[in-house]
Amino acid sequence: MSTRTSALDAVVFGVDIQSGDVRGDAPSYALVQYDGEDVTRDVVSHRKLRRLIEDVEPAIVATDNMYELAADKDQLVHFLGSLPAGTKLVQVTGAAQPEPLSRVAKRHGIPYGKDPMQEAEAAARLAAHNVGQEVSAFTDTTEVKVARGRSTGSGGWSEDRYTRRIHGSVRKRAREVESDLEAENLEYEKDVREAYGGLANAVFTVEARPSDIPVSRNRSGDVRVEIERRRRDGIEFRPLVKRRDHVLVGIDPGTTTAVAVVSLDGSVLDVWSSRTSDTADVIEWIVERGRPIVVAADVTPIPETVEKFRRSFDAAPWTPRSDLPIDEKQHRTREEPYDDDHQRDAMAAALFAFDAHEDQFERIARKIPPGTDHGEVTARVVAGEESVEAVLRDLTEDDESEEESTEHEPRELTDEEKRIRDLEQQVDRLQSHVGTLEDRLEAKDDRIEELEGELTATRQEERREVRQNREVTRLERRANQLERERDEAREETEALEKKVERMKELWKLDHSNFADVSAKKAGLVPVKVVEKFTNGAIREADDQYGISAGDVVYLRDASGAGRSTAELLADFEPQVVLKEGGLSEMADAILFDRDIPVGPADDVAMQEVDELAVAREEDVEGVIDDWHDRAKERQKQQKASMVDRLISEHRAGDNEA
C-alpha cells in the first residue's frame, strides 16, 4: 500500500487558468472539486473562485503554478492572507523551480491531459495524494492587538473622564485576551503602552496560527481587537508529507565505506563516504534516504560486507558479470559530483544496477493502475520476486481486510511484528527531514539546466561586452591620438602664422613699403635681432626670419663668443654687426679679418617690431664709417707693429752673428 497519508477527508480544489491572464482583465479558471470519489468541474471567474473558496473552505487549493492565481508576489501574499484558516495553497509541481505537471503526473500514475480542465483535475488528484509543496507567506506567529476603538479627542468639560473610560476599557479587554490565551496554554509575549487611566494599547505576540487562537477580530465601542499573522521575509515551500521512496543502493566497502543512493528513475539522490562509521551508522544513513530494493557492488562476487547490508534490508542483490573497469565507472559517473574514488565506485554500482533493471521498472510501471504506489509494487516484484498481478491482487485484498479488521478487536502482535513496528517507527523518525529528496533533486536538475543556459547566455554577453569594450578602448586611444595631433597642428599653425607675420613685416621693411612708416621715416633699414652671440641663437634667428648677406645684425649680448660662433656669423656676410657688451678678442679678430664692421648699438636709434627692429640708415652708415676709420688706424698699428717686430728680429740676428 501507499505510505502517503490521504488528503480526502475534505474537498480539494484543482485550479488551472482557462483563458485570459491574471495580469489582464477578467481571467477565467478551470475548477475541479475532488473529494476522493466524485469530481465536479466548472469554469469560474477569479471573483467566483475566491467566493467558492471562502464558502466551501477546501482543505487544499492545488495548482501547477501559484502565479496563475496572482500577478506578483504582493498579490500572492494577499491571496494567501485571504484563504480560510484551514485551507492550504499547494503547488503540485514542486517548490521555487517547478517541474512540468505532465512529468509529476506520470511519476505518480495520475491521468493527465493538456486541456486546462484536465490539468486542474490532475492537480487536484496529486494534492489528494499529498504530492506537492504548500505555499506559505506567513509564520506560525500571530500578533493580537488590543487598542482604542475611537479617538480621545476633545471631550469638553468631561474630557478627562472620557479618556479614562476608553483607556480603562482597553485594559479590561487586554486582561480578557490574556486570560483566554492562558486558558488555551498558548505561549505569548505581551507589550503594553500605558496611558492616562489604563492602557493605550496591548500587543500579544502569540506562537500559534489565528485559527488556534481563541480570540476573534472585532470592534466594539471603545475597543478594537486586530489579529495579524506575521509575514515571512519571502515565500516558503513546505512538503505536504514526509515520505520514504524506494531506492537502489550502491556500496563500496573497505577501510573507507562509501554509499550511493539512486532513485527508481535513475537520479543520484545522495552519496557519502566515511572512515570512522560503523555498520549501524551506514544503515541509519541509508534509512534516512529511502527504502532499498536493490543493493549493488562494483565487483563480483558480492563482498561479504555488502551482503550483510543487503540482508538487513531484505533487498535484491546486483553485481556485474566481472569487476567494473575504472574507465567504465568514470564514464558512467561523469555527470555526477563526488569527493573521492570510493564514492565514485559506490555511485557506479548503483547506476549500473539501475541500467540493468530499467526495462523491468518500465514494464512494471505500465501494468500499475493510477493511484497505486509504484515503489511498493516495484519493490515486491524486484526484491520479493513476485509477479505484478499477484502484488496488485494482494494489495487489493489488504485494503479490504484492513477495512474489515476495524470491526474486530485488535489482536496481539507477534515479536516479529512488534520489531517491524518499532523499526518502522524508527524509520519514520529518521525520515522526518528527507521526505521530498527526489522532487528536490529533480527540481535542482531543472534549475541547473536553467542556470547553465543562463550562464552560457551570460558568457556570450560578457564576450560581446569585452569585444565592445576593446573596440571602445581602441577608438578612445585613436581619438586621444587625433586630439594630440590636432593640438600639435594648431600649435604649429600658430607658430607658422606668427612667422608669416614676421616675414610680412620684414618684407615691408626690405621693400620700403612699411605701412606704419610715413614719408618722413624713409631711410630706415631692417635689423635682425640675435638674443645672444651663440651658435644656437644665430641659427634660431635664421630659422625664424632668415639672415642673409647685407643684413644689419643686432647682438643683444655679444659676450662669450668663440671662434666657431664668430665664423658662423661671418659666413652670413652681414653689412654690419651692432652689439651690446664687449666682444671677445678671438671673435673681434675673426670679424675684423673677414671685413665685418662691428659697432656699438648705442650709436644707432632703433625701434623694435616683435623680434625684428628698424634703424635709421644714416646711423647705420655712421657706425660703418666709424668702423672703417678704426680699421684703417688698426691696420696702421698692425703694420707698425709688424715693422717693429721685423727690425727687432733683424737686430737680434746681427747680435748673434
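Residues numbered from 1 in each chain as written. Predicted model: local features only at pLDDT ≥ 70, side-chain atom pairs only at ≥ 80, totals over all residues. Heavy atoms only, no water.

Caption draft 1: Structural view of the overall build of the protein chain. When helices and strands are counted, the protein chain shows 17 helices and 21 strands. Counting all 657 residues of the protein chain, 40% fall into the buried class. Sequence-distant contacts, at least 24 apart, represent 64% of the contacts inside the protein chain between residues at least 6 apart. Only carbon and sulfur atoms are counted for the fraction: they give 44% of the accessible area of the protein chain, which is about 37,900 Å². (Helix = DSSP H or I, 4+ residues; strand = E, 2+ residues; numbered from the N terminus. Buried < 20%, exposed > 50% of the residue type's maximum accessible area, 1.4 Å probe, protein only. Contact = heavy atoms within 4.5 Å. Areas by Shrake-Rupley, 256 points an atom, 1.4 Å probe, with all protein chains shown as cover.)

Caption draft 2: View of the confidence of the model for the protein chain. This prediction gives the protein chain a mean pLDDT of 82; 85% of its residues lie at or above 70. Mean pLDDT values for the elements of the protein chain range from 63 in helix 11 (residues 388-405) up to 94 in strand 4 (residues 60-63). Below pLDDT 50 for its whole length, residues 1-7 participates in 25 contacts with residues either more than four positions away or in separate chains. Across residues 512-521, confidence stays below pLDDT 50; counting only partners more than four residues off in sequence or on other chains, it has eight contacts. (pLDDT = per-residue confidence, 0-100.)

Caption draft 3: Up close: the pattern of salt bridges. Evaluation of the coordinates by the stated rule reveals 27 salt bridges. The shortest N-O distance in the salt bridge between Arg230 and Glu143 comes to 3.2 Å. Residue Arg230 is found in strand 10 (residues 223-239), and its partner Glu143 is found in strand 6 (residues 133-148); the two are separated by 87 residues along the sequence. The class for Glu143 is partly exposed, based on a relative accessible area of 31%. Between Glu531 and Arg556 there is a salt bridge, with its nearest N and O atoms 3.1 Å apart. With Glu531 in the loop between strand 16 (524-530) and helix 14 (535-545) and Arg556 in the loop between strand 17 (552-555) and helix 15 (563-571), this residue pair connects regions lying 25 residues apart in the sequence. Taking relative accessible area as the criterion, Arg556 reaches 27% and is therefore assigned partly exposed. (Salt bridge = Lys/Arg side-chain N within 4 Å of Asp/Glu carboxyl O.)

Caption draft 4: Quick peek at helix 14. Along helix 14, the residues that are buried comprise Ala537, Ile538, Ala541 and Tyr545. When helix 14 is viewed along its axis, its buried side chains cluster within an angular range of 100° and face the same direction. (Arc of directions from axis to C-beta.)

Caption draft 5: Quick look at unusual backbone geometry. Residue Pro301 follows Thr300 across a cis peptide bond; omega there is 0°. Tracing the chain through its elements places Pro301 in the loop between strand 14 (291-296) and helix 7 (304-313). Within the chain, Glu573 stands out as a residue other than glycine whose phi angle is a positive 55°. On the secondary structure map, Glu573 appears in the loop between helix 15 and strand 18 (576-579).

Caption draft 6: Local environment of the pairing of strand 11 (residues 246-252). Most of strand 11 sits inside the fold, with seven of its seven residues counted as buried. Burial of strand 11 is two-sided: the residues His246, Leu248, Gly250 and Asp252 facing one way and the residues Val247, Val249 and Ile251 facing the other way are all buried. Looking at chain direction, strand 11 and strand 14 are connected through five bridges and run parallel. Bridge pairing in strand 14 links Val249 to Val295. (Pairing = 2+ DSSP bridges.)

Caption draft 7: Layout of the packing of helix 14 against helix 15. Put simply, helix 14 and helix 15 touch, their axes get as near as 9 Å, and they point 20° apart. Taken together, the axes of helix 14 and helix 15 lie roughly parallel to each other. The hand of the helix 14/helix 15 crossing is left-handed. Every residue of helix 15 that contacts helix 14 at Asn535, Ile538 and Arg539 is listed here: Ser564, Thr565, Leu568 and Leu569. (Axes fitted to C-alpha atoms, helices over the stretch in contact; angles between N-to-C directions. Parallel < 35°, antiparallel > 145°, perpendicular 65-115°, else oblique. Left-handed = near helix turned anticlockwise from the far one by under 90°.)

Caption draft 8: A look at the environment of Asp345. Along the polypeptide, Asp345 turns up in helix 9 (residues 341-367). Taking C-alpha positions, Asp345 is 8.0 Å from Ala258, a pair spaced 87 residues apart along the chain. Contact partners of Asp345, with chain neighbours within four places excluded, come to Asp252, Asp298 and Lys329.

Caption draft 9: Molecular detail of the nonpolar core. One finds Val530, Phe533, Leu555, Leu578 and Val620 to be the most contacted residues of the largest nonpolar core, which totals 37 residues. When contributions to this core are tallied by element, the ones reaching two or more residues are strand 16, helix 14, strand 17, helix 15, strand 18, helix 16 (585-593), strand 21 (612-616) and helix 17 (617-656). Leaving out residues up to four positions away in the same chain, Leu555 has contacts with Val530, Phe533, Leu569, Val577, Leu578, Lys579 and Glu580. Counting 25 residues, the second-largest nonpolar core is a separate cluster that includes Ile17, Val61, Met66 and Leu69. (Core = buried A, V, L, I, M, F, W, Y, C linked by side-chain atoms within 4.5 Å.)

Caption draft 10: Highlighting a negative patch on the surface. On the surface, Asp602, Asp603, Glu617, Glu618, Glu621, Asp625, Asp626 and Asp629 cluster together into a negatively charged patch. Relative accessible area serves as the criterion here: at 48%, Asp629 is assigned to the partly exposed category. (Patch = residues over 30% accessible without salt bridge, like charges linked within 9 Å, V, L, I, M, F, W, Y side chains within 5 Å. Lys, Arg positive; Asp, Glu negative; His and termini not counted. Charge placed at Lys NZ, Arg CZ, Asp CG, Glu CD.)

Caption draft 11: Structural view of the packing of helix 15 against helix 16. At their nearest, the axes of helix 15 and helix 16 sit 8 Å apart, and the two run at 30° to each other. The orientation of helix 15 with respect to helix 16, classified from their angle, is roughly parallel. The crossing of helix 15 and helix 16 is right-handed. Here Arg563, Ala566, Glu567 and Ala570 of helix 15 come into contact with helix 16, specifically with Met586, Ala587, Ile590 and Leu591. Taken together, the residues that form the contact of helix 15 with helix 16 break down as six nonpolar, no polar and two charged. (Nonpolar A, V, L, I, M, F, W, Y, C, P; charged D, E, K, R; others polar.)

Caption draft 12: Structural detail: a positive patch on the surface. A contiguous patch of positive charge on the surface is contributed by Arg459, Arg463, Arg467 and Arg470. Among the structural elements, Arg463 can be located in helix 13 (residues 437-510).

Caption draft 13: Highlighting the sheet that holds strand 13 (residues 268-274). Spatially, the five strands line up as an open sheet ordered 13-12-11-14-15, and their pairing is mixed. The open sheet is flanked by strand 13 and strand 15 (316-318), the only strands paired with a single partner. With strand direction ignored, the average angle separating the axes of adjacent strands in the sheet is 25°. Sitting on the sheet, helix 6 (residues 279-287) is in contact with strand 11, strand 12 (257-263), strand 13 and strand 14, with an inclination near 15° to strand 12. Relative to strand 14, helix 7 is tilted by about 155°, and along the sheet it contacts strand 11, strand 14 and strand 15.

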